[in-house]
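# Observations on the model geometry
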Amino acid sequence: MKRIGYRLAVAAVAAVLAIGSSGCRVGDEEVTISRGMTDDEVFLIDGKVCALPVMKLLLMNNMNLHGESYGINLLQNEDLKVQKKFEQYVKKTSMDEITRVYSMVALANAQGVTLTDEQKELAQWAGEDCFKSLTDEEVSYLSVTQEQVQDIYEKYALADKLYQVLVQDVNEEVSDDEARVMEIRQIYTTNEEQARKAVADLKEETEFSTVAANYNEADEIMLTLQRGMLPQEAEAAAFSMENGEISDLIETDQGYYIFYCDNKFDEEQTQIHKQDIVEQRKQEAFHSVYDPFVETISSKLNESVWTDISIREMEQFSFADFYVIYQKYLSEEQFSEG
């Protein structure tokens, strides 16, 4: 399993908990905006408070983690629109991530999932290491304590363990046929007359790619094909082909296809696709439990505090090791064995 924090922040996977225009949401339910929270509290989920220093720590980390793309400093970009969009992106992905972790902690508590003493100790070591890696200036700005840093690592660890528990019964056996990836060239058109002209040209032994260049309406001629990418009739025809074979004209509700099979079985890509299929199964198993649960828990957002946070205040700081330290201490094996 990929680490939850790294997966959500670095890959920017869409989170279940999204930020709306008037605050954050849990599932499809709008979060109640609190009027009684302190200036040091950002949100409350199922009775657990996220303190402002912890949120700023995550924001600082993600700002520096994503701050440069293709050699361009997004935060200091001369285009103010770029700066604004980058700040919105960092704040949204950070809030999505940490509210999901807090919600997973609530689900873990409800299901009786707990860390072992060894796992707690590792999480505490991670927190201690992270706190020591912060400069004095960063600690002063964040007003964060070592105990707070250790606590958030423990929450991330518990969320990771919950995920492992929820997906532990997923079948990880995937057949070559289910995961098969093949390389084909295609001619796709919505015009029957053009499709039949393409067939006639191919019968005259014109090279497939030349004919495709004249008639294909799809974005690409070369296609790395997996099951589920094409209409059923087209997929069935493609996956029955041998190397070097040209298909008959295939009519579907979406248009007409002709294929040339370059490689009916890409072994390397098939093995990679097997991993993708297993991960998809795990995501489905996780969300089948998680999604209904988040509809039931209470939550509050301190909107004034959240709105006032600006990552531009953090430009002079360089901390970006939150996930690196997490992975150093809390490998996947620590949760699959615990």
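Every value quoted in this text rests on a predicted model; they were computed, and no experiment measured them. (Residues numbered from 1 in each chain as written. Predicted model: local features only at pLDDT ≥ 70, side-chain atom pairs only at ≥ 80, totals over all residues. Heavy atoms only, no water.)

### Brief notes about the sheet that holds strand β9 (residues 182-189)
- Taken in spatial order, the four strands of this open sheet run β10-β9-β12-β11, and their pairing is antiparallel. Two strands close off the open sheet at either side, each with one partner strand: β10 (222-225) and β11 (250-252). Strand-to-strand twist across the sheet, computed as the mean angle between neighbouring axes with direction ignored, equals 45 degrees.
- Pairing of β9 with β10, which is carried by four bridges, proceeds in the antiparallel orientation. When the bridges of β10 are listed, Arg185 appears paired with Met222.
- Against the sheet, helix α8 (residues 192-203) engages β9 and β12 (255-263), with an angle of about 35 degrees to β12.
- This element, helix α9 (residues 208-215), spans β9 and β12 of the sheet and lies at about 40 degrees to β9. (Pairing = 2+ DSSP bridges. Helix = DSSP H or I, 4+ residues; strand = E, 2+ residues; numbered from the N terminus. Axes fitted to C-alpha atoms, helices over the stretch in contact; angles between N-to-C directions. Contact = heavy atoms within 4.5 Å.)

### Structural notes on the pairing of β12
- Two strands pair when backbone bridges link them, and β9 and β12 are joined in this way by seven bridges, in the antiparallel orientation. What sits directly across from Gln186, in β12, is Phe259.
- Pairing geometry for β11 and β12, over three bridges, is antiparallel. Counted as the bridge partner of Ile250 is Tyr257 from β12.
- The hairpin formed by β11 and β12 contains two residues between the paired strands.

### Remarks on the pattern of salt bridges
- Within the structure shown, the criterion is met by 15 salt bridges.
- Across the pair Arg196 and Glu192 runs a salt bridge whose closest N-O atoms are separated by 3.1 Å. Here Arg196 pairs with Glu192, and both are found in helix α8, just four residues apart, close to one helical turn.
- Residue Arg196 is classed as partly exposed on the basis of its relative accessible area of 48%. (Salt bridge = Lys/Arg side-chain N within 4 Å of Asp/Glu carboxyl O. Buried < 20%, exposed > 50% of the residue type's maximum accessible area, 1.4 Å probe, protein only.)

### Looking at the packing of helix α4 (residues 117-133) against helix α13 (residues 322-329)
- Interaxial distance between α4 and α13 falls to 9 Å at its minimum, and their mutual angle equals 145 degrees. As α4 packs across α13, the resulting crossing turns out to be right-handed. For the pair α4 and α13, the contacting residues are Leu122, Trp125, Ala126, Asp129, Cys130 and Ser133 in the first and Ile325, Lys328 and Tyr329 in the second.
- Looking at the contact of α4 with α13, its residues break down into six nonpolar, one polar and two charged. (Left-handed = near helix turned anticlockwise from the far one by under 90°. Nonpolar A, V, L, I, M, F, W, Y, C, P; charged D, E, K, R; others polar.)

### Brief notes about the packing of aromatic side chains
- For the structure on display, the rule yields 12 aromatic pairs.
- An angle of 75 degrees between the planes, with centres 5.0 Å apart, marks the rings of Phe43 and Tyr102 as edge-to-face. With Phe43 in strand β5 (residues 41-45) and Tyr102 in helix α3 (residues 80-111), the pair connects residues that are 59 residues apart, well separated along the chain. You'll find Phe43 and Tyr102 in the same group, each marked buried.
- With a centroid separation of 5.6 Å and 35 degrees between ring planes, the pair formed by Tyr257 and Phe259 is classed as tilted. Taken as a pair, Tyr257 and Phe259 share a single burial class, namely buried. (Phe/Tyr/Trp six-rings, centres within 6.5 Å; stacked < 30°, edge-to-face > 60°.)

### Let's talk about the confidence of the model for the protein chain
- Taken as a whole, the protein chain shows an average pLDDT of 88; of its residues, 85% reach a score of 70 or greater.
- Residue range residues 1-35 is modelled with pLDDT below 50. Its contacts to residues more than four positions away, or to other chains, number 97 contacts. (pLDDT = per-residue confidence, 0-100.)

### Remarks on the nonpolar core
- Ranked by size, the top nonpolar core spans 66 residues in total, and within it Phe43, Met55, Ile98, Tyr153, Met314 and Phe322 carry the most contacts.
- Residue contacts for Phe322: discarding those within four places in its chain leaves Leu57, Leu58, Asn61, Ile152, Tyr153 and Tyr156.
- One finds Met182, Leu225, Leu230 and Phe239 within the second-largest nonpolar core, a separate group that totals 15 residues. (Core = buried A, V, L, I, M, F, W, Y, C linked by side-chain atoms within 4.5 Å.)

### With respect to the packing of helix α2 (residues 52-66) against α3
- Between α2 and α3, the shortest axis-to-axis distance is 9 Å and the interhelical angle comes to 130 degrees. Relative to α3, the element α2 lies oblique. As for how α2 packs across α3, the hand of that crossing is right-handed. Taken together, the residues of α3 that come into contact with α2 (itself represented by Val54, Met55, Leu58, Leu59, Asn62, Met63 and His66) are Phe86, Tyr89, Val90, Lys91, Ser94, Met95, Glu97 and Ile98.
- Residue classes in the contact of α2 with α3 are distributed as 10 nonpolar, three polar and two charged. (Parallel < 35°, antiparallel > 145°, perpendicular 65-115°, else oblique.)

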